[in-house]
Amino acid sequence: RQMCIRDRSRKALKQMEQKKGKATVQFARPPVIAGAASVAGKKESDGPLGPFFDRHLLDDGKEKENWEQAESAMQKEAAELAIEKAGLDREDIRYLFAGDLLGQLIATSFGTVDLEIPLFGLYGACSTMGEAMSLGAMMVNAGYADHVVSMASSHFATAEKQFRFPLAYGNQRPMSASWTVTGCGAVVIGHQGESGLAKITAVTTGKMVDIGARDSMNMGAAMAPAAFHTIEQNLEDLGKDETWYDQIITGDLGEIGSRILLDLMKEKGRDLSRLHMDCGVEIFNKKTQDTHAGGSGCGCAAVTLCAAVLPKLREGLWKRVLFVPTGALLSTVSYNEGQTIPGIAHGVVIEHMEGD
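Residues numbered from 1 in each chain as written. Predicted model: local features only at pLDDT ≥ 70, side-chain atom pairs only at ≥ 80, totals over all residues. Heavy atoms only, no water.

1. A few points about the packing of aromatic side chains
Here's step 1: Scanning the entire structure with this criterion turns up three aromatic pairs.
Here's step 2: For the ring pair F97 and F120, a centre distance of 4.9 Å and an interplane angle of 10° mean the geometry is stacked. Of the two residues, F97 is situated in strand β5 (residues 95-99) and F120 in strand β6 (residues 119-121); the sequence distance between them amounts to 23 residues.
Here's step 3: Here F120 falls in the partly exposed class, since its relative accessible area comes to 36%.
Here's step 4: Measuring from centroid to centroid gives 5.1 Å for W244 and Y245, while their planes differ by 70°, and the two rings are edge-to-face.
Here's step 5: Here the aromatic cluster, defined as three or more aromatic residues joined through ring pairs, consists of Y95, F97 and F120.
Here's step 6: Between the NZ or CZ atom of R320 and the centre of the ring of W244, over which it lies, the distance is 3.9 Å. (Phe/Tyr/Trp six-rings, centres within 6.5 Å; stacked < 30°, edge-to-face > 60°. Helix = DSSP H or I, 4+ residues; strand = E, 2+ residues; numbered from the N terminus. Buried < 20%, exposed > 50% of the residue type's maximum accessible area, 1.4 Å probe, protein only. Lys NZ or Arg CZ within 6 Å of the ring centre and 35° of its normal.)

Set out below in structure tokens:
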């Protein structure tokens, strides 16, 4: 009798096993995206996704003393709006997972101080939204929080000042360069059983992939192999093929990185030509907006998710997507010392909520 009880216990534990393969967690109690908000800059609001953003900045400086303060203000606004749209108060949020592109995460630390929510500050370059959502979903699924906010931001002027040249310098940009998005996206993640926009059913944590790229003006090429690795790992861990998804959505590979990704997938016998969407390609109009290879930055994937992806999942136009924000892990120090640019990408499986 005791052996039968132990056998049943082992079987129940195995059925509840959430670890899949090498890098994926498939949630036994899928957390829910209870609310989402997007705040976007002037150039972004003039683009194809402009009508879908919650807030539009007519002044990218938000009447602040400097660009960094403007980015901080965007974070606070996006977080507060996402919490409001989820029908919650600040006091209902247990933890905040957030990050930006700046040194010591100053946009996040100064922007969220007034929220008075316990903070996990994150840096994954432009993959930060995927990292924030992964950790937030794990926290809720494990029962350590009922509600968390996951958020990421970027600002064209702050990023240019830190990583490239002062805006007044007027340097010429190569066609491989991308345009850092001015924007912030925030989602409230709640527990299973709540109503919401969609549910997070699995996450795949990416690893650093370094192909030896050194051109900081062509980050799509540096990040594409990392996106390829994470997508492949996700499919392998879950035992699926690419057609299991309605869309596989990368964060900011842009025109060049997207082509590289499709070529890499094709070499593996996978056809993503009709399934792939890149936030950096979607956010700007290539014909009318001078953004070269497309959009980039933490805010690129974050605002596109909130404004264009989650509504389609809520409406059931898409049943399941793999959201893969991509990041180039360089700094001014590493670049000036001649180091290569490793890439990383984190995968988040987001599904339509049947019956919602």
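2. Regarding the pairing of strand β10 (residues 198-204)
Here's step 1: With six of seven residues buried, β10 is to be regarded as a mostly interior element.
Here's step 2: In terms of strand pairing, strand β3 (residues 32-40) meets β10 through two bridges, oriented antiparallel. Within the sheet, the bridge partner assigned to I33 lies in β10 and is A198.
Here's step 3: Here β10 runs beside strand β17 (residues 347-351); their pairing, made up of five bridges, is antiparallel. Each bridged residue has a counterpart across the sheet, and for I200 the counterpart in β17 is I350. (Pairing = 2+ DSSP bridges.)

3. What to know about the environment of W179
Here's step 1: Topologically, W179 is positioned in strand β8 (residues 179-180).
Here's step 2: For W179, a relative accessible area of 17% corresponds to the buried category.

4. A closer look at a negative patch on the surface
Here's step 1: The grouping of D89, E91, D92, E116 and D146 at the surface amounts to a negative patch.
Here's step 2: Mapped onto the elements, E116 comes out in the loop between α4 (106-111) and β6.
Here's step 3: A relative accessible area of 72% means that E116 is categorised as exposed. (Patch = residues over 30% accessible without salt bridge, like charges linked within 9 Å, V, L, I, M, F, W, Y side chains within 5 Å. Areas by Shrake-Rupley, 256 points an atom, 1.4 Å probe, with all protein chains shown as cover. Salt bridge = Lys/Arg side-chain N within 4 Å of Asp/Glu carboxyl O. Lys, Arg positive; Asp, Glu negative; His and termini not counted. Charge placed at Lys NZ, Arg CZ, Asp CG, Glu CD.)

5. Thoughts on unusual backbone geometry
Here's step 1: At Q104, a position not held by glycine, the phi torsion is positive, near 60°.
Here's step 2: Although it is not a glycine, E116 sits at a positive phi angle of roughly 55°.

6. Describing the nonpolar core
Here's step 1: With 51 residues, the main nonpolar core has M133, V187, I200, L305, L310, F323 and I350 as its most contacted residues.
Here's step 2: If one sorts the elements of this core by residue count, helix α10 (residues 298-315) sits on top with twelve residues.
Here's step 3: Residue contacts for L305: discarding those within four places in its chain leaves M129, M133, V187, L310, P311, F323 and I350. (Core = buried A, V, L, I, M, F, W, Y, C linked by side-chain atoms within 4.5 Å. Contact = heavy atoms within 4.5 Å.)

7. Regarding the packing of helix α7 (residues 219-238) against helix α8 (residues 254-267)
What describes two packed helices is the angle between their axes and the distance between those same axes.
Here's step 1: Packing of α7 against α8 leaves a shortest axis separation of 8 Å and a crossing angle of 40°. Considering their axes alone, α7 and α8 lie oblique with respect to each other. Note that α7 runs across α8; the crossing there is right-handed. Contact residues: α7 offers G220, A221, A224, P225, A227, F228, I231 and E232, while α8 offers G257, I260, L261, L264 and M265.
Here's step 2: Here the residues of the contact of α7 with α8 are counted per class, giving ten nonpolar, two polar and one charged. (Axes fitted to C-alpha atoms, helices over the stretch in contact; angles between N-to-C directions. Parallel < 35°, antiparallel > 145°, perpendicular 65-115°, else oblique. Left-handed = near helix turned anticlockwise from the far one by under 90°. Nonpolar A, V, L, I, M, F, W, Y, C, P; charged D, E, K, R; others polar.)

8. Concerning the environment of G35
Here's step 1: With respect to the secondary-structure elements, G35 resides in strand β3.
Here's step 2: Taking the C-alpha atoms as reference points, G35 and A198, 163 residues apart in sequence, are found 9.3 Å from one another.
Here's step 3: Once you skip the residues sitting within four places of it in the chain, G35 turns out to touch A82, A86, A186, V187, V188 and L197.

9. Thoughts on the packing of helix α3 (residues 67-85) against helix α6 (residues 156-163)
Here's step 1: In contact at an axis separation of 8 Å, α3 and α6 are set at 135° when each is read in the N-to-C sense. Taken together, the axes of α3 and α6 are oblique relative to one another. Judged by the twist between their axes, the crossing of α3 over α6 is left-handed. Counted together, W67, E68 and E71 of α3 and A157, T158 and K161 of α6 form the full contact between these two elements.
Here's step 2: Grouping the constituent residues of the contact of α3 with α6 by class yields two nonpolar, one polar and three charged.

10. A closer look at the side chain of Q18
Here's step 1: Its location among the elements puts Q18 in the loop between α1 (2-15) and β1 (19-20).
Here's step 2: According to the relative accessible area criterion, Q18 is buried, its value standing at 19%.
Here's step 3: Side chain to side chain, Q18 and N141 meet in a polar contact 2.8 Å long.
Here's step 4: Beyond its immediate chain neighbours, meaning those up to four positions away, Q18 contacts T24, V25, Q26, F27, A28 and N141. (Polar contact = N/O pair within 3.5 Å; in protein donor to acceptor, adjacent residues only side chain to side chain.)

11. Quick look at α3
Here's step 1: Between the first and last C-alpha of α3 there are 27 Å, a value that for 19 residues agrees with the 27 Å anticipated at 1.5 Å per step.
Here's step 2: Where α3 starts, the residue carrying a side-chain oxygen 3.3 Å from the main-chain nitrogen of E68 turns out to be N66.
Here's step 3: Where α3 terminates, the next one or two residues include G87, which has phi positive at roughly 75°. (Expected span 1.5 Å × (residues − 1).)

12. Thoughts on helix α5 (residues 128-141)
Here's step 1: Across its 14 residues, α5 extends 20 Å between first and last C-alpha, which sits within 8% of the 20 Å expected from 1.5 Å per residue.
Here's step 2: Here α5 lies mainly inside the structure; twelve of its 14 residues are buried.
Here's step 3: Within α5, burial applies to T128, M129, G130, E131, A132, M133, S134, G136, A137, M139, V140 and N141.

So far we have only geometry, and geometry alone does not tell us how the molecule works.
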